[in-house]
Amino acid sequence: MKIERAWGWPVALELFLTGLGGGIMIVSAAADLFFGADNLFLPGSFAATVLVAIGSGLLIFELGRPFQFHRVFSREKAVMTVGAYMLSLLIGVSFVYGTFMFSFLPWHPLEGLRQLVAVIGLLLSMSVVIYTGVLPASMKARPFWHGPALPVLFMVSAISIGIAVQYLLVQALASGNEAAVAEGLLSAANIVLITVGLIVLFIYVLTMRVSAAPPAAEAANAWLKGRQKLAFWVGLVGIGMIVPLVLYAVGITITCILASAGVLIGGIVLRFLIIYSGDRTPLPGEAEFLAKLPRGDEEFLRAWEGAGP
Amino acid sequence: MSRWAMVIDLRRCIGCHSCTVACQVGNELPLGMFWNMVTTVGPNGRYPTLGYYHIPRPCFHCDDPPCVSCCPTGASSQRADGIVLVDQDKCIGCKACITACPYGARTLNPDLGTVQKCTFCEHLIGENKEPYCVSACHQRARIFGDLDDTGSEVYRLVHEENALQIMPEVGTDPHCYYIFPHRGRT
């Protein structure tokens, strides 16, 4: 048995879904505030509601005592408590913001209110995507996570996957001149973000590779040339970044759709790679001790105990 | 005020795992759960000067416990006497503290869904007794006491002997000190 890894796939998926929801909301609100993009990006706001809700639900499902989840709101000094508040608020704000697209609702024409909700949504979703990186980065026991890199990396990645989903939504739901302009802007924006993401990613991995903490150096080496090299080079760098970069640059509708799909795959792979790489430094002799423990016979022993006199 | 701490003299520890057993029996831990463990380092060196030693590891009851600062429910808390405890009623099993602990002192109890750890046997300290692991150590390798009491044995060992913390670079200020065999540590 190896050093325990308390967080597994539900947390990785949660980081992806909440990051994605946050990224989508960032694009919706920013497009509204800075480009006056009317109703074009409002369906995405509902997508953000659903994705963040599913992600938060996964986090509850992952708890040891899911029905006690409300206690997560108890301690405002803890990173996770702050995150829980922000995720809950984002679910509400993104839903309210989305309702501005329906003309039958009385608040539909209130432009000022809509802008206000957009500002709140933008600040909140930026905080959420940064939080998804701060949560692992705050763990000083895990040298590969600890430090300023993950919040930056997750923020860039979240905006990038948010743009990808918004591109797909605009492609599916809208048509006309405005949609075409939006698609062009989204592609261009994602070219910039993927480039920034590549730079941040390689600064992170190459710095960790020469880290003084052995688990961080081992994890970086596992990405670059070890047991995770396929996931890293093919899944994340290839399908998730380089290929989309080229496809967005080509700029035809079909290549941009494929590019957006690739960016999403890269976003998932990135978060799984991170969560499955956060080992702590073992104590002297600990790995050998754990390797000697009998495992897998718990069920038999329990049955044996139950059958006894 | 008291500040509970433990000094473990690795020159005396023979790696018999009695402390682990005493802890598991006394605290009635479920199968496969360790609040204390004993690792073995070595054999190191070259013939004929080979050597190895054992490191018992309880919870270090750090002065700056990362498991407490990351807890979103307030279940993990530190008492004024330094002991870090998990309130089983408040814990929701989010495992943030397991992720935060640099020493692997915390485990999830799969039956309860809560995180549990070494308590320094606070129920025994309250009765003026020693923790199970200390009273079970027939080699007297474990010395438990009050670090605020300048006349105590732990105070003397920490301040006059070469008692070291494990992985102090993480910045948690563990309150379990080790006297290593040889000089310094490997």
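Rules behind the numbers
- As a convention, each chain's residues are numbered from 1 in the sequence order in which they are written.
- Throughout, the order in which chains and ligands are written sets their labels, letters from A for the former and numbers from 1 for the latter.
- Local features in this predicted model are restricted to residues whose pLDDT is 70 or higher, and side-chain atom pairs enter the listing and the counts only when it is 80 or higher, whereas totals over whole chains, interfaces and linings include all residues.
- Remark: hydrogens and water are excluded; side-chain values derive from all non-hydrogen atoms of the structure.
- Contacts were defined at the residue level, with two residues in contact if any of their heavy atoms lie within 4.5 Å.
- Here the quantity called buried area is the accessible surface, traced with a 1.4 Å probe, that two parts lose on coming together, added over both.
- Salt bridge criterion: a side-chain nitrogen from Lys or Arg within 4 Å of a carboxyl oxygen from Asp or Glu.
- Distance and chemistry together define a polar contact, namely a pair of N or O atoms within 3.5 Å, with one atom able to donate a hydrogen and the other to accept it when in protein, and with adjacent residues in sequence counting only for side-chain atoms on both sides.
- A helix here means a DSSP run of H or I that spans at least four residues, while a strand means a run of E at least two residues long, and both kinds are numbered starting from the N terminus.
- Under the scheme applied here, ten amino acids are nonpolar (Ala, Val, Leu, Ile, Met, Phe, Trp, Tyr, Cys and Pro), four are charged (Asp, Glu, Lys and Arg), and all others, including Gly, are polar.
- Only protein atoms enter the 1 Å grid, on which a cavity is a set of points fitting a 1.4 Å probe that cannot get out and a pocket is an open set with protein on both sides within 12 Å along at least 5 of 7 lines, lining residues being those with an atom within 4 Å of a point.
- Grid points are joined across faces, edges and corners, and a volume is the space filled by probe spheres set on the points.
- When the centres of two rings from Phe, Tyr and Trp lie within 6.5 Å, Trp using its six-membered ring, the rings pair. Their planes under 30 degrees apart give stacked, over 60 give edge-to-face, and anything left gives tilted.
- A simple rule labels every residue: compare its accessible area, found with a 1.4 Å probe on the protein chains alone, to the largest value its type can have, and call it buried under 20%, exposed over 50%, or partly exposed in between.

(A) The arrangement of the interface of chain A and chain B in detail. At the interface, 33 residues of chain A touch 44 residues of chain B. Buried area between chain A and chain B, both sides added, is near 3100 Å², and the carbon and sulfur share of it is 65%. Our count for the chain A to chain B interface comes out at one salt bridge. In this structure, Glu62(A) engages Lys95(B) in a salt bridge whose closest nitrogen and oxygen atoms are separated by 3.7 Å. Our count for the chain A to chain B interface comes out at 17 residue pairs in polar contact (both at pLDDT 80 or more). Within the residue set of the side of chain A that touches chain B, elements represented by two or more residues are helix H3 (79-98), helix H10 (286-292) and helix H11 (298-307) of chain A. Taken together, the residues that form the side of chain A that touches chain B break down as 15 nonpolar, six polar and 12 charged.

(B) Local environment of the environment of Pro43(A). All names here are of chain A. In this structure, proline 43 sits in helix H2 (residues 42-61). Proline 43 sits 126 residues away from leucine 169 along the chain, and the two C-alpha atoms are 7.7 Å apart. Sequence-distant contacts of proline 43, that is, excluding residues within four places in its chain, are made with Met101, Leu169 and Leu173.

(C) Up close: the layout of surface pockets. Residue and element names in this part refer to chain A. Within this model, the second largest pocket holds a volume of roughly 380 Å³. The wall of the second largest pocket is formed by 18 residues, among which Ala31, Phe35, Phe41, Leu185 and Leu186 lie closest to the centre. For the lining of the second largest pocket, the per-class residue count stands at 16 nonpolar, one polar and one charged.

(D) Here's a closer look at the packing of aromatic side chains. Residues and elements named next belong to chain A. The full count for this structure, using the stated rule, is 22 aromatic pairs over all chains. Between the aromatic rings of phenylalanine 102 and phenylalanine 104, the centroid separation amounts to 5.5 Å while the plane-to-plane angle is 25 degrees, which identifies the pairing as stacked. Classification of phenylalanine 102 as partly exposed rests on a relative accessible area of 29%. The exposure class of phenylalanine 104 is exposed, given its relative accessible area of 67%. With centroids separated by 5.0 Å and ring planes inclined at 80 degrees, the aromatic side chains of phenylalanine 232 and tryptophan 233 adopt a geometry described as edge-to-face. Chaining the aromatic ring pairs together yields one cluster made of Phe144, Phe202, Tyr204, Trp223, Phe232 and Trp233.

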